[in-house]
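# Residue-level structural notes
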Protein chains: 2
Amino acid sequence: MTSRSRKPVGSREVRPDRGIPEATIARLPIYLRALTGLADRGVTSASSEELAGAAGVNSAKLRKDLSYLGTYGTRGVGYEVSYLRYQIAREIGLTQDWNVVIVGIGNLGLALAKYSGFASRGFCVAALIDTDPSRYGEKVAGLEITPLDQLDRVVAECSISIGVIATPANNAQNVCDRLVAAGVSSILNFAPIVLNVPEGVDVRKVDLSIELQILAYHEQRKANSVVDLEAGAL
Amino acid sequence: MTSRSRKPVGSREVRPDRGIPEATIARLPIYLRALTGLADRGVTSASSEELAGAAGVNSAKLRKDLSYLGTYGTRGVGYEVSYLRYQIAREIGLTQDWNVVIVGIGNLGLALAKYSGFASRGFCVAALIDTDPSRYGEKVAGLEITPLDQLDRVVAECSISIGVIATPANNAQNVCDRLVAAGVSSILNFAPIVLNVPEGVDVRKVDLSIELQILAYHEQRKANSVVDLEAGAL
DNA sequence: CATTGTGAAGTGATTCACAGCA
DNA sequence: TGCTGTGAATCACTTCACAATG
């Protein structure tokens, strides 16, 4: 098994080694989703092959990924769905619910605030922040839109550690700074800019135009290769 | 599928195309965004160091990435912003605009339909599709919501090759199949399921809960390491 | 005996470090 | 001189292939 020298020597092992590759971590939620789907359909046990199919990866990768968490399968049989599901949820940190603040209640922020899927996946939208005074007090999904300058209070009161930025690009860095100052240390950024954050703060970004552009690149290449074929270029 | 627009024929000496790493392709849109930002601020020239800063990557990676496209810099000087911007846009396939259809005009679909940022980035939302008859004909951002069974016609009429799925999970595979049947070969999927598509169709997925869960994992680890420190465990 | 768990091999991406050029 | 472009080295991730095992 593992035994790489990470930290400067531990006098002893604290928990089964925390060296899970980032790529694996990014897939754990997918496995969780797949397991929940199987459980909902009444499936109680699944092989790595079946699970991998449901998650859209190959089975070797799935087994390797799971091996970083521990040995939760049974050789010759497979994995018990609900048990594995629990183990992954625990690993991700979903034994507790996480409170989230959404900043920027425009079209996208509104959609996120109303999205019902977060609750079942371990997240609770606990506060909505905007900077437009005309919207203060407006209720969305049972929550009042609150001014940005109350961020510190709201973050503290609700024990919020995850912030979602859904503002236009020109406000995003400012909002980000305010979130960090308020104590938020994980940020999901929808604004199309690179955020600067201090050490210790995690940022993940979702830029829809970028996703489309990546598709466009491949789309263009498909179109071109058709042209090539028609021209007998190969 | 329409679209051809290739370079002025192919007796070019070096075809820099073949084999740009996927990781590089995924960053080209980021460089494009950074260059646009610089251009907007009147910057006409930038070193790899400056550009990399604006894009949130290190300069070695940026130079290596750009080297796959061609040699667009000047040693000792840097890169001409507008020239490089054009070259990247061309590489991605943004010399043309891409028509996009959004399927599922719920909260998220609505937000996407209204989002003004697509236009400036090479995309035009050309059609909105839903399955709820009570919404047929409703106008959003100047477009009528159209029934799913008119997808084929709409895709053909508007030469659409990119589809966005913003439906609930239970409709998504069906919608996906319909899109593919209609001739769409690139799909951006917001539904929290794994889509099955035939060879040659590209899918990119955005799952907001998964992004939050990845943040939660790191958040949990930060919290735990604080506990470890307090307990003197290291 | 079917299936897991995992070393070893393979592949791809990143970073280093410096030659080559304006 | 200063910065790009790029081989070589390194690091990270994936896949292979099979011994271990319930």
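Quantities reported herein were computed from a predicted structural model and do not represent experimental measurements.

Here we come to the overall build of chain A. A count of helices and strands for chain A gives 8 helices and 10 strands. Against the globule reference of 17 Å for 234 residues, chain A gives a C-alpha radius of gyration of 22 Å, more extended than a compact globule. C-alpha extents for chain A along the principal axes are approximately 65 × 60 × 45 Å. Residue burial in chain A is summarised as follows: out of 234 residues, 47% are buried. Of the contacts made within chain A by residues no fewer than 6 positions apart, 55% connect residues no fewer than 24 positions apart. Accessible area for chain A stands at about 11500 Å²; split by element, carbon and sulfur atoms hold 50% of it. With 25 positive and 25 negative side-chain charges, chain A shows a separation of 7 Å between the mean positions of the two kinds.

Structurally, the α-helix is built with 3.6 residues per turn, so residues lying three or four positions apart point the same way. Residues and elements named next belong to chain A. For helix H2 (residues 48-55), the set of buried residues is Ser48, Leu51, Ala52 and Ala55. One side of H2 carries all its buried residues, which in axial view fall inside an arc of 100 degrees. In H2, the exposed positions that point more than 90 degrees away from the buried face belong to Glu49 and Gly53. For H2, the secondary structure elements touched by its buried residues are helix H1 (22-40), strand E1 (45-46), helix H3 (59-69), strand E3 (78-80) and helix H4 (81-92).

Across a sheet, paired strands are connected by hydrogen bonds in the backbone, their directions being either parallel or antiparallel. All names here are of chain B. If you trace the 7 strands from one edge of the open sheet to the other, you get E6-E7-E5-E4-E8-E9-E10, paired in mixed fashion. The open sheet has two edge strands with one neighbour each: strand E6 (139-140) and strand E10 (202-205). Of the strand pairs in this sheet, strand E5 (residues 123-130) and strand E7 (residues 143-147) are connected by 3 bridges, and their pairing is parallel. Bridge assignment links Ile129 to a residue of E7, and that residue is Thr146.

A few words now on the domain arrangement of chain A. Many structure descriptions define interface size as the accessible area lost when the parts assemble. As far as domains go, chain A holds domain 1 (22-92) and domain 2 (98-209). Of note, the centres of domain 1 of chain A and domain 2 of chain A, computed from C-alpha atoms alone, are 31 Å apart.

Turning our attention to the confidence of the model for chain A. Confidence along chain A averages 92 in pLDDT terms, with 91% of residues attaining 70 or more. For residues 1-17 of chain A, every residue scores under 50 in pLDDT, and the model assigns this stretch 13 contacts once sequence neighbours within four places are set aside.

Taken as a whole and assessed by the stated rule, the structure comprises 4 aromatic pairs over all chains. When the centroid spacing of 5.7 Å and the interplanar angle of 85 degrees are considered together, the rings of A:Tyr72 and A:Tyr83 count as edge-to-face. With A:Tyr72 in the loop between H3 and strand E2 (73-74) and A:Tyr83 in helix H4, this residue pair connects regions lying 11 residues apart in the sequence. Judged by relative accessible area, which is 37%, A:Tyr83 ranks as partly exposed. Each ring, one from B:Tyr115 and one from B:Phe118, has its centre 4.8 Å from the other, and the planes form 90 degrees; the classification is edge-to-face.

Residues and elements named next belong to chain B. Relative to the 20 Å expected for 14 residues at 1.5 Å per residue, helix H7 (residues 169-182) spans 20 Å between its end C-alpha atoms, a close match to the ideal helical length. Within H7, burial applies to Ala172, Val175, Cys176, Leu179 and Ala182. Against the buried residues of H7 lie strand E4 (98-103), helix H6 (151-157), strand E8 (162-165) and strand E9 (186-189). Immediately downstream of H7, the backbone of Gly183 shows phi near 110 degrees, a positive value.

Residue and element names in this part refer to chain B. The antiparallel open sheet is built from 3 strands, whose spatial order is E1-E3-E2. Two strands close off the open sheet at either side, each with one partner strand: strand E1 (45-46) and strand E2 (73-74). With 2 bridges joining them, E2 and strand E3 (residues 78-80) adopt antiparallel strand pairing. Each residue of the ladder has a partner; that of Thr74, found in E3, is Gly78.

Our next topic: the interface of chain A and chain B. Across the contact, 70 residues belong to chain A and 72 residues belong to chain B. Both faces considered, chain A and chain B share a buried interface measuring about 6400 Å² in area, 61% of it formed by carbon and sulfur atoms. For the pair chain A and chain B, the interface holds 6 salt bridges. Put simply, A:Asp202 and B:Lys222 hold a salt bridge, and the shortest N to O gap is 3.2 Å.

Moving on, we come to the protein's contact with DNA strand D. Within the structure, DNA strand D sits among 25 residues, and A:Arg27, A:Asn58, A:Arg75, B:Ser48 and B:Tyr79 are positioned closest to it. Counted by atom, the contact set of DNA strand D within 4 Å of the protein is 63% sugar and phosphate. Within the side chain of B:Lys64, one N or O atom sits 3.3 Å away from a base nitrogen of DNA strand D. Residue B:Gly73 places a main-chain N or O atom 2.9 Å away from a phosphate oxygen belonging to DNA strand D. Only H1 and H3 of chain A together with helix H3 (59-67), E2 and E3 of chain B provide two or more residues apiece to the surface near DNA strand D.

Moving on: the side chain of B:Ser209. Relative to the helices and strands, B:Ser209 is located in helix H8 (residues 208-230). By relative accessible area, B:Ser209 is classed as buried at 0%. Discounting chain neighbours no more than four positions away, the residues touching B:Ser209 are A:Tyr115, A:Gly117, A:Phe118, A:Arg121 and A:Phe123.

If you look at the biggest cluster of nonpolar residues, it comprises 101 residues, and the most contacted ones within it are A:Ile88, A:Leu112, A:Phe123, B:Ile88, B:Leu112 and B:Phe123. Dropping the residues within four chain positions of it, B:Leu112 is found in contact with A:Leu208, B:Ile102, B:Phe118, B:Val164, B:Ala166 and B:Phe190.

Here we take up the pattern of salt bridges. Evaluation of the coordinates by the stated rule reveals 14 salt bridges over all chains. Among the salt bridges present, the one from B:Asp207 reaches A:Arg33, with a minimum N-O distance of 2.6 Å. Of this pair, B:Asp207 sits in the loop between E10 and H8 while A:Arg33 sits in helix H1, each in a different chain. Taking relative accessible area as the criterion, B:Asp207 reaches 8% and is therefore assigned buried. Under the relative-accessibility criterion, A:Arg33 is labelled buried at 14%.

Parameters and conventions
Residues numbered from 1 in each chain as written. Chains lettered and ligands numbered in written order. Predicted model: local features only at pLDDT ≥ 70, side-chain atom pairs only at ≥ 80, totals over all residues. Heavy atoms only, no water. Helix = DSSP H or I, 4+ residues; strand = E, 2+ residues; numbered from the N terminus. Rg over C-alpha atoms; globule rule 2.2 N^0.38 Å. Buried < 20%, exposed > 50% of the residue type's maximum accessible area, 1.4 Å probe, protein only. Contact = heavy atoms within 4.5 Å. Areas by Shrake-Rupley, 256 points an atom, 1.4 Å probe, with all protein chains shown as cover. Lys, Arg positive; Asp, Glu negative; His and termini not counted. Charge placed at Lys NZ, Arg CZ, Asp CG, Glu CD. Arc of directions from axis to C-beta. Pairing = 2+ DSSP bridges. Domains from an automatic or database assignment. pLDDT = per-residue confidence, 0-100. Phe/Tyr/Trp six-rings, centres within 6.5 Å; stacked < 30°, edge-to-face > 60°. Expected span 1.5 Å × (residues − 1). Buried area = accessible area lost by both parts, 1.4 Å probe. Salt bridge = Lys/Arg side-chain N within 4 Å of Asp/Glu carboxyl O. Near = heavy atom within 4 Å. Polar contact = N/O pair within 3.5 Å; in protein donor to acceptor, adjacent residues only side chain to side chain. Core = buried A, V, L, I, M, F, W, Y, C linked by side-chain atoms within 4.5 Å.

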